Amino acid sequence: MKLMRPVALRHSTSISVVVPCYNYGRYLPDAVASALTQEGVDVEVIVVDDASTDGSAAVAWRLASEDPRITVVLHEKNQGHIATYNDGLSRARGRYVTLLSADDLIAPGALVRAAALMEANPGVGMVYGLPKDFTDQPPSLSTHDHTTWSVWEGRQWISLACARGRNFILSPEVVMRTDAVLSVGAYSTTLPHSGDLEYWLRAAGSWDVGRINGPVQAFYRVHGANMHQTEFAAAAVDLKHRLDAFRVLEDPRFPMNPKSRARQLQRAKCALSREAAQLGFREINRGGSVEAAVELRKFIECLHEVPGNIHRANALQARITRGARGWKPGVGRQAAEFARGQLDRVRWRIWAMTGIS
C-alpha cells in the first residue's frame with residue numbers, strides 16, 4: 001500500500017452520476033443536486049427510474065427540464081436494482097462514473113477528489129472514501145480535514161478483504177474509471193444482495209484500488225426502507241451473501257492464478273466462519289435468539305472444509321444447549337464480551353481512518 005499526498009486536478013474532467021431510483025421520488029431532488037453542485041468536474045446525471053409507483057418519474061422529468069445535464073431513463077416494467085444499475089452504467093459517457101442511490105448524497109468536493117487520485121494514478125480503477133450515515137439531514141462537515149491518498153495493488157486489496165471476510169465499502173462513496181467498468185462488465189444478476197462486494201473484487205482483480213482518507217465522500221441515508229434493513233437483517237443470511245460474493249474467486253476467468261484464487265477463497269471462508277462463531281456466542285451470551293445462533297452454527301457447518309470448523313460448530317452448539325436451559329454467562333464470559341465490543345470499536349475507527357479493518 002502506498003500512502004500519498006494529494007495532487008490537485010490539473011484540468012476539469014467528466015463524470016457520469018448514475019442515479020437508480022425506485023419509489024424514492026421524495027429524495028431524488030437532493031440526490032441530483034448533490035451531483036450537479038460538484039465543483040471542478042463536468043457532471044452528467046443519468047436518472048434510471050425502475051417503474052416507480054410514487055411519481056418518481058414526474059420528479060425526474062421536472063428536474064431534467066430545469067437542467068440539460070440530466071438524462072432520464074424510464075423502465076416500463078420493474079426490472080430490479082441490478083438491472084437498473086447495469087442499464088445506467090451502460091449509458092455513462094464520462095471519463096469516470098459513480099452509482100448514487102436516489103436516497104443518498106455525494107459529499108461536497110468528493111468527485112474532484114476521486115478524479116484527481118485516478119488522474120495521478122492511471123492504474124487505479126476505483127476510488128472510495130469515508131461515508132457518513134444520516135437520517136433527515138446530513139451532518140455538517142469539517143473544513144479542516146487532513147487529506148491523504150491510499151493506493152493498493154488490486155490483489156493486495158483482495159487479500160485484505162478475504163482476510164477479514166468483509167466488504168469495506170458501503171457503496172455511494174465509490175467512483176470508478178469508466179474504462180474499468182467496461183472491462184469488469186456488468187453487475188451479476190445472480191447476486192442481488194451481495195453484488196457490490198463481488199463487483200469490487202472483480203474490479204480489484206484487474207485494477208488498483210484507491211481511497212481518499214480524511215474528508216467525507218458520501219452520505220448514506222438510514223431509514224426503514226433500506227434494503228439491508230428490511231430483507232437481510234439476519235446475521236447468518238448476511239454471511240451467506242458475503243460467501244456467495246467471495247465465490248467469484250472460483251471462476252477460472254478471474255484474473256488470478258488458480259492457486260492464489262483457492263488460497264484467498266479459503267481465507268475468506270475462515271474469516272466468515274470465525275465471525276459466525278463470534279456472533280453465535282454473542283447472541284447466546286446476551287440472552288438473545290437461540291434460533292439465530294442455530295442458523296449461525298449451520299452456516300459454520302456448511303463450511304466443512306475449513307480447518308477447525310467441526311470443533312467451532314460443536315463449541316457453539318454446546319453454548320446453545322446451555323443457553324436453551326437458562327444458562328447465564330459468568331463474569332469471565334461477560335468480560336470477554338466487553339473486550340470484543342471494545343475491539344469492534346477500535347476496528348471501526350481504523351476503518352474510518354484507513355478504509356480497511
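Residues numbered from 1 in each chain as written. Predicted model: local features only at pLDDT ≥ 70, side-chain atom pairs only at ≥ 80, totals over all residues. Heavy atoms only, no water.

Taken as a whole and assessed by the stated rule, the structure comprises nine aromatic pairs. For the ring pair Y187 and Y199, a centre distance of 4.2 Å and an interplane angle of 0° mean the geometry is stacked. Here Y187, found in the loop between α6 (178-184) and α7 (195-206), pairs with Y199, found in helix α7; they are 12 residues apart in sequence, far enough to count as distant. Taken as a pair, Y187 and Y199 share a single burial class, namely buried. Look at W348 and W351: their rings are 6.3 Å apart centre to centre, the planes differ by 50°, and that puts the pair in the tilted class. Of this pair, W348 and W351 both sit in helix α13 (residues 331-354), separated by three residues, roughly a single helical turn. (Phe/Tyr/Trp six-rings, centres within 6.5 Å; stacked < 30°, edge-to-face > 60°. Helix = DSSP H or I, 4+ residues; strand = E, 2+ residues; numbered from the N terminus. Buried < 20%, exposed > 50% of the residue type's maximum accessible area, 1.4 Å probe, protein only.)

Nonpolar side chains in soluble globular proteins generally cluster together in the buried interior. Membership of the largest hydrophobic core comes to 107 residues, with the highest contact counts inside it found for V17, L28, V45, W157 and M176. With eight residues, helix α10 (residues 258-285) is the largest single contributor of residues to this core. Sequence-distant contacts of W157, that is, excluding residues within four places in its chain, are made with M126, Y128, W152, F168, I169, W200, L201, A204, V209 and I356. (Core = buried A, V, L, I, M, F, W, Y, C linked by side-chain atoms within 4.5 Å. Contact = heavy atoms within 4.5 Å.)

The next point concerns the packing of α10 against helix α11 (residues 290-302). Between α10 and α11, the shortest axis-to-axis distance is 9 Å and the interhelical angle comes to 160°. In terms of orientation, α10 lies roughly antiparallel with respect to α11. Viewed along their axes, α10 and α11 form a crossing whose handedness is left-handed. Touching L272, S273, A276, A277, L279, G280, E283 and I284 of α10 are V290, A292, A293, L296, F299 and I300, all from α11. (Axes fitted to C-alpha atoms, helices over the stretch in contact; angles between N-to-C directions. Parallel < 35°, antiparallel > 145°, perpendicular 65-115°, else oblique. Left-handed = near helix turned anticlockwise from the far one by under 90°.)

To continue, consider the pattern of salt bridges. One pass over the full model with this rule turns up 16 salt bridges. Notably, a salt bridge pairs R297 with E301, separated by 3.2 Å at the nearest N-O pair. Of the two residues, R297 and E301 both sit in helix α11, four residues apart, roughly one turn of that helix. A residue is classified by how much of its surface remains accessible, and E301, at 41% relative accessible area, is partly exposed. What emerges from the salt-bridge pattern is a single network uniting R166, D238, R242 and E275. (Salt bridge = Lys/Arg side-chain N within 4 Å of Asp/Glu carboxyl O.)

All right, on to the packing of helix α9 (residues 235-246) against α11 then. The description of two helices packed together rests on the angle between their axes and the distance between the axes. It is the contact of α9 with α11, at a shortest axis distance of 8 Å, that shows an interaxial angle of 25°. In terms of orientation, α9 and α11 fall into the roughly parallel class. The residues of α11 that touch α9, namely those facing A235, A236, L239, K240 and L243, are E295, L296 and F299. Considered class by class, the residues forming the contact of α9 with α11 number six nonpolar, no polar and two charged. (Nonpolar A, V, L, I, M, F, W, Y, C, P; charged D, E, K, R; others polar.)

Nonpolar side chains collect at one region of the surface, where L343, V346, I350 and M353 lie side by side and expose about 350 Å² of accessible area between them. As for its placement among the helices and strands, M353 is situated in helix α13. (Patch = residues over 30% accessible without salt bridge, like charges linked within 9 Å, V, L, I, M, F, W, Y side chains within 5 Å. Areas by Shrake-Rupley, 256 points an atom, 1.4 Å probe, with all protein chains shown as cover.)

In this structure, V7 sits in the loop between β1 (2-4) and β2 (14-21). A residue is classified by how much of its surface remains accessible, and V7, at 40% relative accessible area, is partly exposed. For V7, the residues in contact, after removing those within four places along its chain, are A116 and W149.

Peptide bonds are, in most cases, trans, and in most cases residues other than glycine have a negative phi. The backbone phi angle of N23 is positive, close to 60°, even though this residue is not glycine. A positive phi angle is found at A51, which is not glycine, with a value near 60°. Structurally, A51 is set in the loop between β3 (42-49) and α2 (56-66). A51 gets classed as buried once you look at its relative accessible area, which sits at 18%.

For the coordinates displayed, the defined rule picks out zero disulfides. Here C162 is not cross-linked by a disulfide; its sulfur's nearest cysteine counterpart is in C270, at 11 Å. In this structure C162 comes out as buried when scored by relative accessible area, which is 0%. (Disulfide = S-S within 2.5 Å.)

A few words on α7. Between its first and last C-alpha atoms α7 spans 17 Å; for 12 residues at 1.5 Å apiece the expected length is 16 Å, and the two agree. In terms of residue burial, α7 counts as a mostly covered element, since 10 of its 12 residues are buried. Where the residues of α7 are buried, they touch β7 (124-134), α5 (154-164), β9 (175-177), α6, β10 (208-221) and α9. (Expected span 1.5 Å × (residues − 1).)

A few words on the pairing of β7. Across the 11 residues that make up β7, a large majority, nine, are buried. Both β7 and β10 contribute to a ladder of nine bridges, which runs parallel. Within β10, the residue paired with L130 across the bridge is V216. Bridge count for β7 against β9 is two bridges, and the pairing is antiparallel. Across the sheet, M126 pairs through a bridge with M176, a residue of β9. (Pairing = 2+ DSSP bridges.)

For the rest of this paragraph, the subject is the side chain of S16. Residue position: S16 is located in strand β2. Discounting residues that sit within four places of it in the chain, S16 has contacts with E44, A92, R93, G94, Y96, V97 and T98.

These figures come from the coordinates and say nothing about function on their own.
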